[in-house]
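# Descriptive structure summary
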Amino acid sequence: MANSSKVVEQTAPLPSSMSIIAPAVGWLVPGAGHLVQKRYIRGVLLMASIVSMYMIGIAMQGHVYTPNGGDLLDILSFLGDACAGGLYIISRALNWNPGLITKATADYGSKFIVVAGLLNFISAVDAYHIAIGKKQ
């Protein structure tokens, strides 16, 4: 006689509304994904660091990349910039992209903007992990 074991199917729990709202709000406004979850210190620190890094990059006349099909580094830089969420939308709407580069620090400014976007993306992922209970 063979032992027959029952296969128990486990269904994944439905996502909570916070697991959808927190990363979306966190992408749009840096640090806000943590603020809506009452993680005030982490949210304010992320907001201050991401916004200041982005604005320092803009002050250094950093390039805000647009969607294009050109060079691979331009495409990746655009993706990094777009991860800044609302900051990217505002900088594109207000045309903060300098025409002629007049400072030698403009390349560093471009990197500041890209890194601020990537940090914002990591912050939104962190807000999601907190929302689903995977992280405290």
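What comes next concerns the included structure. (Residues numbered from 1 in each chain as written. Predicted model: local features only at pLDDT ≥ 70, side-chain atom pairs only at ≥ 80, totals over all residues. Heavy atoms only, no water.)

## Some remarks on the pattern of salt bridges
Counted under the stated rule, the structure contains three salt bridges. One salt bridge connects Asp126 with Arg42, and the closest N-O pair in it is separated by 3.1 Å. One end of the pair, Asp126, is in helix α6 (residues 106-131); the other, Arg42, is in helix α3 (residues 40-59), and 84 residues separate them in sequence. You can call Arg42 partly exposed: its relative accessible area is 31%. For Lys135, the salt bridge goes to Asp126, with nearest N and O atoms at 2.5 Å. Here Lys135 falls in the partly exposed class, since its relative accessible area comes to 38%. The exposure class assigned to Asp126 is buried, which follows from its relative accessible area of 13%. (Salt bridge = Lys/Arg side-chain N within 4 Å of Asp/Glu carboxyl O. Helix = DSSP H or I, 4+ residues; strand = E, 2+ residues; numbered from the N terminus. Buried < 20%, exposed > 50% of the residue type's maximum accessible area, 1.4 Å probe, protein only.)

## Overview of the packing of α3 against α6
One can describe the packing of α3 onto α6 by two numbers: an axis separation of 7 Å at closest approach and a directional angle of 160°. Between α3 and α6, the interaxial angle falls into the category roughly antiparallel. Of the two elements, α3 crosses α6, and the hand of that crossing is left-handed. Counting all contacts with α3, which are made through Arg42, Leu46, Ser49, Ile50, Met53, Tyr54, Ile56, Gly57 and Ile58, the residues of α6 involved are Gly109, Phe112, Ile113, Val115, Ala116, Leu119, Asn120, Ser123, Asp126 and Ile130. Looking at the contact of α3 with α6, its residues break down into 12 nonpolar, five polar and two charged. (Axes fitted to C-alpha atoms, helices over the stretch in contact; angles between N-to-C directions. Parallel < 35°, antiparallel > 145°, perpendicular 65-115°, else oblique. Left-handed = near helix turned anticlockwise from the far one by under 90°. Contact = heavy atoms within 4.5 Å. Nonpolar A, V, L, I, M, F, W, Y, C, P; charged D, E, K, R; others polar.)

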